[in-house]
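Overview (structure and organization)
Below, each chain spelled out in residue letters.
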Amino acid sequence: MENVIIIGTGCAGYTAAIYTGRANLNPLILSGNQPGGQLTTTTEVENFPGFPSGIMGPELMMNMQQQAEKFGARIDYTFVSSVTKAPEGHFIITSEDGTTREARAVIVATGASPRHLGLPNEKSLIGHGLTSCATCDGAFYRNVPVCVIGGGDSACEEASFLTKFASTVYLIHRRDTLRASKIMADRALANPKIKPIWNSTVAEYLTDDKGEVRAVTLENLVNGEKSELELKCVFVAIGHVPNAQFLGDLVDTDENGYILQTKGTCTKTEGLFAAGDVADHVYRQAITAAGQGCASALEAERYLAGIGVH
Ligand code: NAP
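Small disclaimer: the values here were computed from a predicted structure and weren't measured. Counting starts from 1 at the beginning of each chain's written sequence and moves along it residue by residue. With pLDDT at 70 or above as the cut-off, local features in this predicted model cover only qualifying residues; side-chain atom pairs require 80 or more to be listed or tallied, and sums for whole chains, interfaces and linings still use all residues. The side-chain numbers reported here are obtained from all heavy atoms of the structure, hydrogens and water having been left aside.

1. Section: the packing of helix H1 (residues 11-22) against helix H2 (residues 57-70)
Contact geometry for H1 and H2: axes closest at 8 Å, N-to-C directions at 25°. Between H1 and H2, the angle is such that the two are roughly parallel. Both H1 and H2 take part in a crossing whose hand is left-handed. Residue-level contacts link Cys11, Tyr14, Thr15, Ala17 and Ile18 of H1 to Met61, Met64, Gln65, Gln67 and Ala68 of H2. Broken down by class, the residue content of the contact of H1 with H2 amounts to seven nonpolar, three polar and no charged. The convention used is that axes are lines fitted to C-alpha atoms, helices contributing only their stretch in contact, and that angles between N-to-C directions extend from 0 to 180 degrees. By definition, any uninterrupted DSSP run of H or I lasting at least four residues is a helix, any uninterrupted run of E lasting at least two residues is a strand, and each is numbered from the N terminus. Note on angle classes: values under 35 degrees are labelled roughly parallel, values over 145 roughly antiparallel, values of 65 to 115 roughly perpendicular, and the remainder oblique. Take the far helix as the reference: if the near one is turned anticlockwise from it by less than a right angle, the crossing is left-handed, and if turned clockwise, right-handed. We call two residues contacting when some pair of their heavy atoms lies within 4.5 Å. In this count, Pro and Cys sit with the nonpolar residues alongside Ala, Val, Leu, Ile, Met, Phe, Trp and Tyr, while Asp, Glu, Lys and Arg are called charged and the others, Gly among them, polar.

2. Concerning the side chain of Thr9
Relative to the helices and strands, Thr9 resides in the loop between strand S1 (2-7) and H1. Residues adjacent in sequence count toward polar contacts only when both atoms are side-chain atoms; beyond that, a polar contact is any pair of N or O atoms within 3.5 Å, and within protein one must be able to donate a hydrogen and the other to accept it. A polar contact of 3.0 Å, which involves the side chain of Thr9, links it to the backbone oxygen of Ser31. At 3.1 Å, the side chain of Thr9 and the backbone nitrogen of Gly36 are in polar contact. Dropping the residues within four chain positions of it, Thr9 is found in contact with Tyr14, Ile29, Leu30, Ser31, Gln34, Pro35, Gly36, Gly37, Met61 and Ala109.

3. Re the site of the ligand
In these notes, residues near a molecule or strand are those with any non-hydrogen atom within 4 Å of it. With respect to spatial proximity, 20 residues lie near the ligand, and among them Asp153, Ser154, Arg174, Arg175 and Arg179 are the closest. Within the contact set of the ligand, an oxygen atom lies 3.3 Å away from a backbone nitrogen or oxygen of Gly152. At 3.4 Å, a backbone N or O of Tyr283 approaches an oxygen atom of the ligand. Areas reported as accessible are Shrake-Rupley estimates using a 1.4 Å probe. Residue values count occlusion only from the protein chains shown. Out of a free accessible area of 910 Å², the ligand has 79% covered by protein chains. Considering every element that reaches the shell around the ligand, the biggest residue donor is helix H5 (residues 153-162), with three residues. Along the lines of polarity and charge, the residues of the shell around the ligand split into five nonpolar, nine polar and six charged. Domain ranges listed in this record stem from an automatic or a database domain assignment. Each of domain 1 (2-114 + 240-304) and domain 2 (122-236) accounts for three or more of the residues forming the shell around the ligand.

4. Regarding the layout of surface pockets
Points on a 1 Å grid, built from protein atoms alone, make a cavity when a 1.4 Å probe fits but cannot get out and make a pocket when they are open with protein on both sides within 12 Å along at least 5 of 7 lines; residues with an atom within 4 Å of a point are the lining residues. Grid points are joined across faces, edges and corners, and a volume is the space filled by probe spheres set on the points. In this model, the second largest pocket occupies a volume close to 160 Å³. Together, Thr15, Ile18, Tyr19, Phe48, Phe51, Leu60, Asn63, Met64, Gln67 and Ala290 line the second largest pocket. Elements supplying a minimum of two residues to the lining of the second largest pocket: H1 and H2. A per-element tally of the lining of the second largest pocket places H2 first, with four residues. Its residues assigned to classes, the lining of the second largest pocket comprises seven nonpolar, three polar and no charged.

5. Considering the packing of aromatic side chains
To pair, rings of Phe, Tyr and Trp, with the six-membered ring standing in for Trp, must have centres within 6.5 Å; the planes then decide the type, stacked if under 30 degrees apart, edge-to-face if over 60, and tilted in the middle. Taken as a whole and judged by the stated rule, the model has four aromatic pairs. Seen in terms of ring centroids, Phe48 and Phe51 are 6.3 Å apart; in terms of plane orientation they differ by 45°. Their pairing is tilted. Between Tyr141 and Phe235, the aromatic rings sit 6.4 Å apart at their centres with planes inclined by 90°, giving edge-to-face as the arrangement. On the criterion of sequence distance, the pair formed by Tyr141 in the loop between helix H4 (134-137) and strand S11 (145-149) and Phe235 in strand S17 (residues 233-236) is long-range, its members being 94 residues apart. This pair shows no difference in class: Tyr141 is buried, exactly as Phe235 is. One cation-aromatic arrangement involves Arg22 over Phe71; the distance from NZ or CZ to the ring centre is 5.5 Å. Three labels apply to residues, based on accessible area from a 1.4 Å probe with only protein chains included: buried if under 20% of the type maximum, exposed if over 50%, partly exposed otherwise in between. Cation placement over rings: the criterion is NZ of Lys or CZ of Arg within 6 Å of the ring centroid and within 35° of the ring normal.

6. Re a negative patch on the surface
Judged by side-chain charge, Glu44, Glu46, Asp153 and Glu157 come together as a negatively charged surface patch. A relative accessible area of 39% means that Glu157 is categorised as partly exposed. Patches here are clusters of residues that have more than 30% relative accessible area and form no salt bridge, with a 9 Å joining cutoff for like charges and a 5 Å cutoff for nonpolar side chains (Val, Leu, Ile, Met, Phe, Trp, Tyr). For salt bridges, the criterion is a side-chain nitrogen of Lys or Arg within 4 Å of an Asp or Glu carboxyl oxygen. The charge count treats Lys and Arg as positive and Asp and Glu as negative. His and the chain ends do not count. Charged groups are reduced to one reference atom each: NZ for lysine, CZ for arginine, CG for aspartic acid, CD for glutamic acid.

7. Some points on the domain arrangement of the protein chain
By a widely used convention, the size of an interface equals the accessible area lost when the partners come together. In terms of domain boundaries, the protein chain breaks down into domain 1 (2-114 + 240-304) and domain 2 (122-236). Here domain 1 and domain 2 have C-alpha centroids that lie 31 Å from each other. On the side of domain 2, seven residues touch domain 1, which itself brings five residues to the contact. When two parts are brought into contact, each loses some accessible area as probed by a 1.4 Å sphere; the total of that loss over both is the buried area. Carbon and sulfur atoms supply 53% of the area that domain 1 and domain 2 bury against each other, a total of about 450 Å² over both sides. Together, Thr41, Thr43 and Pro114 form the three largest contributors to the area buried by domain 1 at its contact with domain 2, with a combined 63%. In this structure, the connection of domain 1 to domain 2 is made through zero salt bridges. Viewed at the interface, domain 2 and domain 1 are joined by zero residue pairs in polar contact (both at pLDDT 80 or more). Of the residues contributing to the side of domain 1 that touches domain 2, the split by class is one nonpolar, three polar and one charged.

8. With respect to H1
The span you would expect from a helix comes to 1.5 Å times its residue count less one. A rise of 1.5 Å per residue sets the reference length of H1, with its 12 residues, at 16 Å; its end C-alpha atoms lie 17 Å apart and thus fit the reference within 8%. In terms of burial, H1 is a largely internal element, 10 of the 12 residues being buried. If you check which residues of H1 are buried, you get Cys11, Ala12, Gly13, Tyr14, Thr15, Ala16, Ala17, Ile18, Thr20 and Gly21. Elements in contact with the buried residues of H1: S1, strand S2 (28-30), H2, strand S5 (74-76), strand S8 (100-108) and helix H7 (286-306). Positive phi shows up at Asn24, right after H1, with a value of about 60°.

This is how it looks when you write it as structure tokens:
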């Protein structure tokens, strides 16, 4: 039986591991399908305190992993499919491969995954001209037109990054103002390669005879007009869906699926804590996720002390 299992390897998970490791709780981390979490799909992180010249996202996450391992955290590379609470009070964590692990306390730091529009052929086009990661796929689309869907910081960041490669980056947003912070919005809109398309949505992805995206059907939400826009890749940047479904009734969630914390990072189930983007729909920053990871570790430590684990 483990003292504490941490599910997730983003900023919240690794910070929880550093703290529970230093508290001699010998934490076990379960990695999920994207070890390192969302920051591994970004380039430079400019706003994580302590790095005045910025740091590359993957490097920051490697550093966090090493720091957690230095204090005794172990990592199993596995994807958790369910968590249940045994009548004795401990947790049973089951992975997709059928393996189970037991723990007295669980910290859920599973983050959030990219949201999609929900169009019929969308899922099958991932990797065929449709992606949510400019850092991963941008370089494949040199000197061709691409588009980014969305109006938040992610959309602006992706669009600005893509101008390094693409001939034109259409920024398709459903309203006529960006939701992004002023600095990111101004930077994007000042870039001559970025062409905003306001009050519009993508109604359809059109493919060529090889099944690759060749264009989208745009729908103007003000006048209902439809038009075709030729491009080679669609970058969907319309926010994220929290990864909490596998917890079933152990947690309550809000209408968007974010875990509701009762006090601090506690959830409605004793011994189960939630930290970072899986529970935070407001701030969603690397540093706030790390802060919640720290809080969840302190709360788990207190909980374990209360049941006699020191
Ligand atoms: P977000 O702020 O939630 O923005 C999502 C965007 O997608 C919004 O513009 C939204 O439109 C649009 N959208 C949502 N559903 C849509 C749909 N079905 N069809 C069309 N458009 C849709 O998400 P985000 O940009 O991923 O940012 C998430 C958080 O991470 C934010 O707190 C952000 O500040 C942070 N972040 C920070 C940085 C940075 O500082 N370097 C970089 C990236 C993200 P509406 O505007 O109409 O709602």
